[in-house]
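One-letter residues, chain by chain:
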Amino acid sequence: MFMPHGSCRWRAWGAYRCFHRSKPLLDHAKSGNSPEVPQELLVPAQILAVRNLTPKIKELKLQVEEHSGFTFKAGNWVDFFIDQDGVSKVGGYSMSSIPSSLPELRLAVKTSRHPPAQWCHTLAQPGKWVKLRLSDV
Ligand SMILES: Cc1cc2nc3c(=O)[nH]c(=O)nc-3n(C[C@H](O)[C@H](O)[C@H](O)COP(=O)(O)OP(=O)(O)OC[C@H]3O[C@@H](n4cnc5c(N)ncnc54)[C@H](O)[C@@H]3O)c2cc1C
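Residues numbered from 1 in each chain as written. Predicted model: local features only at pLDDT ≥ 70, side-chain atom pairs only at ≥ 80, totals over all residues.

Now for the overall build of the protein chain. Each helix and strand in the protein chain was counted, giving two helices and six strands. Ordered by position from the N terminus, the helices and strands of the protein chain form the series α-β-β-β-β-β-α-β. In the protein chain, which comprises 137 residues, the share counted as buried stands at 21%. The long-range share in the protein chain, meaning contacts at least 24 apart out of those at least 6 apart in sequence, stands at 66%. (Helix = DSSP H or I, 4+ residues; strand = E, 2+ residues; numbered from the N terminus. Buried ≥ 20, exposed ≤ 12 C-beta atoms within 10 Å, placed from the backbone. Contact = placed C-beta atoms within 7 Å.)

What follows is the structure, encoded as structure tokens:
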């Protein structure tokens, strides 16, 4: 299909490709134990605290494993692997803290019927471990 540069259709296609290339794993239903998920890219993180920011938003304060080398830039997000309590779907959440706070990291998760968000709202608690994978932007 021919799409001249500068046309609306071309710009729309570019935006579509850009969005989908950088989309979180969300509904791929791959758990962190899946052979399709390279284990070396997964960083363990322990939940330190969970609190309500608003009635619909929970904040998770996490501590990424020391010496993992995990870092991020403004605008990055993580694929959030739960792999416990029967949740194998993967969440995708943006960091709400700044890189200089590492190894502590905060995520703000809005309530949803999406299983990972449900887990964050009902079963996430201090001491539990999850795994993170940095977005690839
Ligand atoms: C780059 C990026 C960054 C993001 N950052 C954040 C963030 O910081 N905080 C945040 O809260 N969200 C964030 N999100 C959104 C988050 O990743 C999820 O999309 C969101 O939590 C899903 O909830 P929803 O209600 O919007 O989705 P919905 O569209 O309602 O559902 C999402 C999926 O869940 C499935 N689903 C719904 N109900 C059920 C059910 N009962 N059982 C099984 N599957 C079900 C649906 O089929 C659908 O595929 C981000 C998304 C992107 C793309």
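We are not done yet, so read on.
What follows concerns the nonpolar core. Ranked by internal contacts, the top residues of the largest apolar core, which has 21 residues, are Ala45, Leu60, Phe80, Tyr93, Val130 and Leu132. Breaking this core down by element, the ones donating at least two residues are strand S2 (57–64), strand S3 (77–81), strand S4 (90–94), strand S5 (104–110), helix H2 (115–122) and strand S6 (129–134). Among the elements that take part in this core, S3 stands out by supplying four residues, more than any other. (Core = buried A, V, L, I, M, F, W, Y, C linked by C-beta atoms within 7 Å.)

This part is about the pairing of S5. The two faces of a sheet get side chains in turn, since along a regular strand they alternate between them. Burial along S5 is one-sided: the face carrying Leu105, Leu107 and Val109 is buried and the face carrying Glu104, Arg106, Ala108 and Lys110 is not. Bridge count between S2 and S5: seven bridges; the pairing is antiparallel. Paired with Ile57 across the two strands is Lys110, which belongs to S5. (Pairing = 2+ DSSP bridges.)

With respect to burial, S3 is a largely interior element, five of its five residues being buried. The sheet contact formed by S3 and S4 spans five bridges and is antiparallel. Bridge pairing in S4 links Trp77 to Ser94.

Moving on, we come to the confidence of the model for the protein chain. On average, the protein chain scores 83 in pLDDT, and the residues at 70 or more come to 74%. Below a pLDDT of 50 lies the segment residues 1–21, which in the model reaches five contacts outside its immediate sequence neighbourhood of four places, other chains included. (pLDDT = per-residue confidence, 0-100.)

In this section: the sheet that holds strand S1 (residues 43–54). The pairing of strands in a sheet comes from backbone hydrogen bonds and takes either a parallel or an antiparallel form. A sheet is described by the order of its strands in space; here six strands give the open sequence S4-S3-S6-S1-S2-S5, paired in antiparallel fashion. If you trace the sheet from one side to the other, it starts and ends with S4 and S5, each paired once. Strand-to-strand twist across the sheet, computed as the mean angle between neighbouring axes with direction ignored, equals 40°. Bridge analysis of S3 against S6 gives four bridges, and the strand direction is antiparallel. Along S6, the bridge assignment pairs Phe81 with Lys131. (Axes fitted to C-alpha atoms, helices over the stretch in contact; angles between N-to-C directions.)

As a further point, take unusual backbone geometry. Looking along the chain, the bond that leaves Leu102 and enters Pro103 is cis, with omega of 15°. Note on placement: Pro103 falls in the loop between S4 and S5. The residue His67 is not glycine, and still its phi comes out positive at about 65°. Within the element layout of this structure, His67 appears in the loop between S2 and S3.

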